[in-house]
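# Tertiary structure, described
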Amino acid sequence: VSAGNTGVDRDDVIDINISDRASGEGVRLKLDVVGHAILTNFVGTVHFRGGRIGGAIASHVAQAMRPGALVLESVFSSVPNMAARMFPLLPIRWFCRFSYDNESNVTNVQCPVMVAHSRSDETCPFEQGYRVYEAALEPKEFVEIEGGHNDGGLDSNPLYQVKLVDFIQEHL
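Residues numbered from 1 in each chain as written. Predicted model: local features only at pLDDT ≥ 70, side-chain atom pairs only at ≥ 80, totals over all residues. Heavy atoms only, no water.

### Some thoughts on the pattern of salt bridges
Within the structure shown, the criterion is met by 2 salt bridges. The partner of glutamate 103 in a salt bridge is arginine 131, with the nearest N and O atoms 2.8 Å apart. Here the residue glutamate 103 occupies a position in helix 4 (residues 102-105), and arginine 131 occupies one in helix 5 (residues 126-135), the gap between them amounting to 28 residues. Among the salt bridges present, the one from arginine 119 reaches glutamate 144, with a minimum N-O distance of 2.9 Å. Here glutamate 144 lies in strand 6 (residues 140-145) and arginine 119 lies in the loop between strand 5 (113-118) and helix 5, a separation of 25 residues in the sequence. (Salt bridge = Lys/Arg side-chain N within 4 Å of Asp/Glu carboxyl O. Helix = DSSP H or I, 4+ residues; strand = E, 2+ residues; numbered from the N terminus.)

Shown next, in the form of structure tokens:
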């Protein structure tokens with residue numbers, strides 16, 4: 001979990017970025033504490049941005065914390081859906097310890113949501129990311145980005161950088 005500035009040139013905006021290395025209940029609990037501290041002590045707007053597995057943690061925490069915006073990059077709809085896609089002949093859904101259900105989480109998020117996903121993502125299917133976008137409440141935006149699962153994203157997509165800054169500025 002890191003805090004920084006998404007590219008919006010303002011001192012009253014913090015971006016909490018949940019990396020794809022984040023996983024497990026412990027990370028979610030740490031984000032609960034950090035997010036609560038920031039939201040209660042920071043005078044300004046806080047945005048959650050999560051990619052891959054970090055997106056599931058961000059969407060979960062955003063349900064209760066109501067950030068200024070939620071940005072999800074290259075996310076899956078849920079772990080059981082991903083597992084079933086990877087192992088279609090096994091009853092793998094029964095063995096999933098965590099659901100990390102982005103699709104369900106975004107139906108309870110009360111802030112603007114942006115979902116960015118690439119058709120070239122070889123790990124998380126584009127269709128699952130788009131399902132998360134479709135489930136989100138308005139206002140919402142979908143951005144189709146370029147690149148694979150690990151080489152797409154904010155740093156390698158100048159158009160996405162512009163759209164992200166515009167989205168956050170629009171919802172300040």
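Having seen the model, we can carry on.
### Section: the packing of aromatic side chains
Counted by the stated rule, this structure contains 5 aromatic pairs. Plain terms: the ring middles of phenylalanine 126 and phenylalanine 142 are 5.5 Å apart, the flat faces sit at 90° to each other, and that makes the pair edge-to-face. Of this pair, phenylalanine 126 sits in helix 5 while phenylalanine 142 sits in strand 6, and the two are 16 residues apart along the sequence. Taken as a pair, phenylalanine 126 and phenylalanine 142 share a single burial class, namely buried. Consider the rings of tyrosine 130 and tyrosine 133, whose centres lie 5.3 Å apart with planes at 45°: the pair is tilted. (Phe/Tyr/Trp six-rings, centres within 6.5 Å; stacked < 30°, edge-to-face > 60°. Buried < 20%, exposed > 50% of the residue type's maximum accessible area, 1.4 Å probe, protein only.)

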